[in-house]
Amino acid sequence: MIFTDYLFYLFSGILVLASLRVITANNPVYSALSLVLAFFSAAGIWLLLHAEFLAIALVLVYVGAVMVLFLFVVMMLDINIEALRQRFWSYFPVALLIALLFIFEIYLVVTDKFFSSSDPAGIPLEKSNTHSIGSVLYTDYLLPFQVAAVILLVAIISAIVLTMYGKKSHKAIDPKDQIKVNRNDRVRVVKMKSEKKK
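Residues numbered from 1 in each chain as written. Predicted model: local features only at pLDDT ≥ 70, side-chain atom pairs only at ≥ 80, totals over all residues. Heavy atoms only, no water.

Under an unreviewed UniProt entry, the protein chain has the name NADH-quinone oxidoreductase subunit J and belongs to beta proteobacterium KB13. As its UniProt record puts it under Catalytic activity (unreviewed entry), the protein chain is described as follows: "a quinone + NADH + 5 H(+)(in) = a quinol + NAD(+) + 4 H(+)(out)". In the Subcellular location (unreviewed entry) part of its UniProt record, the protein chain is described as follows: "Cell membrane". (UniProt positions renumbered as here; feature names shortened; annotations may be inferred.)

Next up, the structure:
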């Protein structure tokens, strides 16, 4: 075995233990922190597979944004954990079935019976994962990428407008009132007599 094999087993073991800790921890904050550790371990495995873009996206998006937001929500809300855990074991058969299905899918991929290890896109191996994704994204899929960016921008603006709409506590400016104003409404010249020297 080479050094990368040891790293793979190390990251895999940490990932499995952290995943078990996510569902067995009594404190939801500890569960969220265990999930962060699981994400970092999965990012390490993706780095070993030369999928640098997926690894950095996992760290930046999930660990940097989603999990921080989740931690804030968990710490700010008063969640009754005991009420949520009362029916935990009633979902165990369904969870076991899904886990067995995942294990079967991983077995099919690892044994390479139905999936070929050859590169279907024909991308040269000297190119990195990030370079390959970027070259395809900004050449073949440039228009869909721009459309998705515009849709996300519209969604962000719409969410802000819907959140602030109709609230008296926030100061708002009506654009049509801004357009209708003239110079006399904005500036008022006040004439004052000069002071006399005593």
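A.B. asks: Tell me about the overall build of the protein chain, residues and numbers included.
C.D. replies: When helices and strands are counted, the protein chain shows nine helices and zero strands. Counting helices and strands in the order they occur from the N terminus, the protein chain gives α-α-α-α-α-α-α-α-α. When the 198 residues of the protein chain are sorted by exposure, 12% land in the buried category. A separation threshold of at least 6 residues defines the contact pool for the protein chain, and within that pool the share at least 24 residues apart is 55%. For the protein chain, the computed accessible surface area is about 17400 Å², with 70% contributed by carbon and sulfur atoms. (Helix = DSSP H or I, 4+ residues; strand = E, 2+ residues; numbered from the N terminus. Buried < 20%, exposed > 50% of the residue type's maximum accessible area, 1.4 Å probe, protein only. Contact = heavy atoms within 4.5 Å. Areas by Shrake-Rupley, 256 points an atom, 1.4 Å probe, with all protein chains shown as cover.)

A.B. asks: Give a description of the packing of aromatic side chains that names residues and reports values.
C.D. replies: Applying the stated rule across the entire model yields three aromatic pairs. Ring geometry for phenylalanine 8 against tyrosine 9: centres 5.7 Å apart, planes inclined by 65°, an arrangement best described as edge-to-face. Assessed through its relative accessible area of 37%, phenylalanine 8 is described here as partly exposed. Judged by centre distance (5.5 Å) and plane angle (50°), the ring pair of phenylalanine 39 and tyrosine 62 falls under tilted. Pair noted here: phenylalanine 39 is in helix 2 (residues 28–48) and tyrosine 62 is in helix 3 (residues 52–76), with a separation of 23 residues, a long-range link. Since its relative accessible area comes to 18%, phenylalanine 39 is described here as buried. Judged by relative accessible area, which is 41%, tyrosine 62 ranks as partly exposed. (Phe/Tyr/Trp six-rings, centres within 6.5 Å; stacked < 30°, edge-to-face > 60°.)

A.B. asks: Describe unusual backbone geometry, with residues and values.
C.D. replies: You will see that histidine 50, though not glycine, has its phi angle at about 60°, which is positive. The residue histidine 50 is located in the loop between helix 2 and helix 3 in this model. Residue class for histidine 50 comes out exposed when judged on its relative accessible area of 56%.

A.B. asks: Can you explain the nonpolar core? Please cite residues and give values.
C.D. replies: Counting residues in each nonpolar core, the largest one holds ten residues, listed as Ala32, Val36, Phe39, Ala42, Ala43, Ala55, Leu58, Val63, Met67 and Leu71. Listed by contribution, the elements that provide at least two residues to this core are helix 2 and helix 3. Filtering out sequence-adjacent residues up to four positions away, phenylalanine 39 remains in contact with Leu58, Tyr62, Val63 and Met67. (Core = buried A, V, L, I, M, F, W, Y, C linked by side-chain atoms within 4.5 Å.)

A.B. asks: With reference to specific residues and values, describe the environment of threonine 4.
C.D. replies: Along the chain, the position of threonine 4 falls in helix 1 (residues 3–24). A C-alpha to C-alpha distance of 9.7 Å links threonine 4 and isoleucine 45, two positions 41 residues apart in sequence.

A.B. asks: Account for a nonpolar patch on the surface, naming residues and giving values.
C.D. replies: A surface patch of nonpolar side chains, amounting to about 1000 Å² of accessible area, comprises Val16, Leu17, Leu20, Ile23, Phe88, Trp89, Phe92, Leu96, Leu100 and Ile103. Elements that contribute at least two residues to the nonpolar patch include exactly helix 1 and helix 5 (92–111). Take leucine 20: it is sitting in helix 1. (Patch = residues over 30% accessible without salt bridge, like charges linked within 9 Å, V, L, I, M, F, W, Y side chains within 5 Å. Salt bridge = Lys/Arg side-chain N within 4 Å of Asp/Glu carboxyl O.)

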